[in-house]
Amino acid sequence: QVQLVESGGGLVQAGGSLRLSCAASGRTLSRNTMGWFRQAPGKEREFVAAIRWSGGSTYYADSVKGRATISRDNAENTVYLQMNSLKPEDTAVYYCAAHRDYSSNVMNGYSYWGQGTQVTVSS
């Protein structure tokens, strides 16, 4: 059974940075498409970023493009999301997700989800 555990969330002032981590266990996910999503209070969960197995293909929501960088360390079975120039509207619970394989469907169809880590950006 795959388990995903997010960490790195917290309270940060607008303009600050955070690096979120997602550690996977139970199975090596080096060939799996991995993604980050977020859900703000009263809103639906939304796609933030994704990375294909090779690490060479990354995808971002328009709302974070230029401010976020997704990366992976396959040796550590870990995916990261670096968020810079944070805005109050980035406040949300951030979730890590994994596909069962190297799917090209980076926005949907994820099989495994973490419990989430809270990111709060103060103005």
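Residues numbered from 1 in each chain as written. Predicted model: local features only at pLDDT ≥ 70, side-chain atom pairs only at ≥ 80, totals over all residues. Heavy atoms only, no water.

Side note on the sheet that holds strand E3 (residues 18–25)
Sheet strands pair via backbone hydrogen bonds, and the direction of the pair is either parallel or antiparallel. Strand order in the open sheet formed by four strands is E1-E3-E8-E7, with antiparallel pairing between adjacent strands. Both edges of this open sheet fall to strand E1 (3–7) and strand E7 (68–73), since each of them pairs with a single strand only. Neighbouring strand axes in the sheet, compared pairwise and without regard to direction, differ in orientation by 15 degrees on average. As paired elements, E3 and strand E8 (residues 78–83) share six bridges and run antiparallel to each other. (Pairing = 2+ DSSP bridges. Helix = DSSP H or I, 4+ residues; strand = E, 2+ residues; numbered from the N terminus. Axes fitted to C-alpha atoms, helices over the stretch in contact; angles between N-to-C directions.)

Observations concerning the environment of Cys96
By the secondary structure assignment, Cys96 is in strand E9 (residues 92–98). Expressed as a C-alpha distance, the spacing of Cys96 and Gly116, which sit 20 residues apart in the sequence, is 6.9 Å. Residues within four places of Cys96 in sequence aside, it is in contact with Leu4, Glu6, Cys22, Met34, Gly35, Trp36, Tyr112, Trp113 and Gly114. (Contact = heavy atoms within 4.5 Å.)

Quick notes on the state of the cysteines
On inspection of all chains with the given rule, the structure shows one disulfide. Here Cys22 is linked by a disulfide to Cys96, with a sulfur-sulfur distance of 2.0 Å. Every disulfide takes its handedness from the sign of the S-S torsion; for Cys22 and Cys96 that torsion is -75 degrees, giving left-handed. With a gap of 74 residues between them, Cys22 in strand E3 and Cys96 in strand E9 connect regions that are remote in the sequence. When its relative accessible area of 0% is taken as the criterion, Cys96 is described as buried. (Disulfide = S-S within 2.5 Å. Buried < 20%, exposed > 50% of the residue type's maximum accessible area, 1.4 Å probe, protein only.)

Remarks on the packing of aromatic side chains
Scanning the entire structure with this criterion turns up four aromatic pairs. Taken together, the ring pairs in this structure connect Phe37, Phe47, Tyr110 and Trp113 into an aromatic cluster. Sitting over the ring of Tyr80, Arg19 keeps its end group 3.9 Å from the ring centre. Arg45 extends its terminal NZ or CZ atom over the ring of Trp113, reaching a point 3.7 Å from the ring centre. (Phe/Tyr/Trp six-rings, centres within 6.5 Å; stacked < 30°, edge-to-face > 60°. Lys NZ or Arg CZ within 6 Å of the ring centre and 35° of its normal.)

Observations concerning the pairing of strand E5 (residues 46–51)
When you tally the buried positions in E5, you get five out of six residues, the bulk of the element. Where strand E4 (residues 34–39) and E5 come together, five bridges link them in antiparallel fashion. Note that in E5 the partner of Gly35 across the bridge is Ala50.

A few points about unusual backbone geometry
One non-glycine residue with positive phi stands out, namely Asn77, at about 55 degrees. For Asn77, the location among the structural elements is in the loop between E7 and E8. For Asn77, a relative accessible area of 14% corresponds to the buried category. Of note in this structure, Ser85 is not a glycine but carries a positive phi near 50 degrees. The exposure class assigned to Ser85 is partly exposed, which follows from its relative accessible area of 41%.

Digging into the pattern of salt bridges
According to the stated counting rule, one finds four salt bridges in the structure shown. As a salt-bridge pair, Asp62 and Lys65 come within 3.2 Å of each other at their nearest N and O atoms. The burial state of Asp62 is the same as that of Lys65; both residues are exposed. For Arg67, the salt bridge goes to Asp90, with nearest N and O atoms at 2.7 Å. Residue Arg67 is found in the loop between strand E6 (58–60) and E7, and its partner Asp90 is found in the loop between E8 and E9; the two are separated by 23 residues along the sequence. Asp90 shares its class with Arg67; the two are buried. Shared partners join several salt bridges into a network, and the residues in it are Arg38, Glu46, Arg67 and Asp90. (Salt bridge = Lys/Arg side-chain N within 4 Å of Asp/Glu carboxyl O.)

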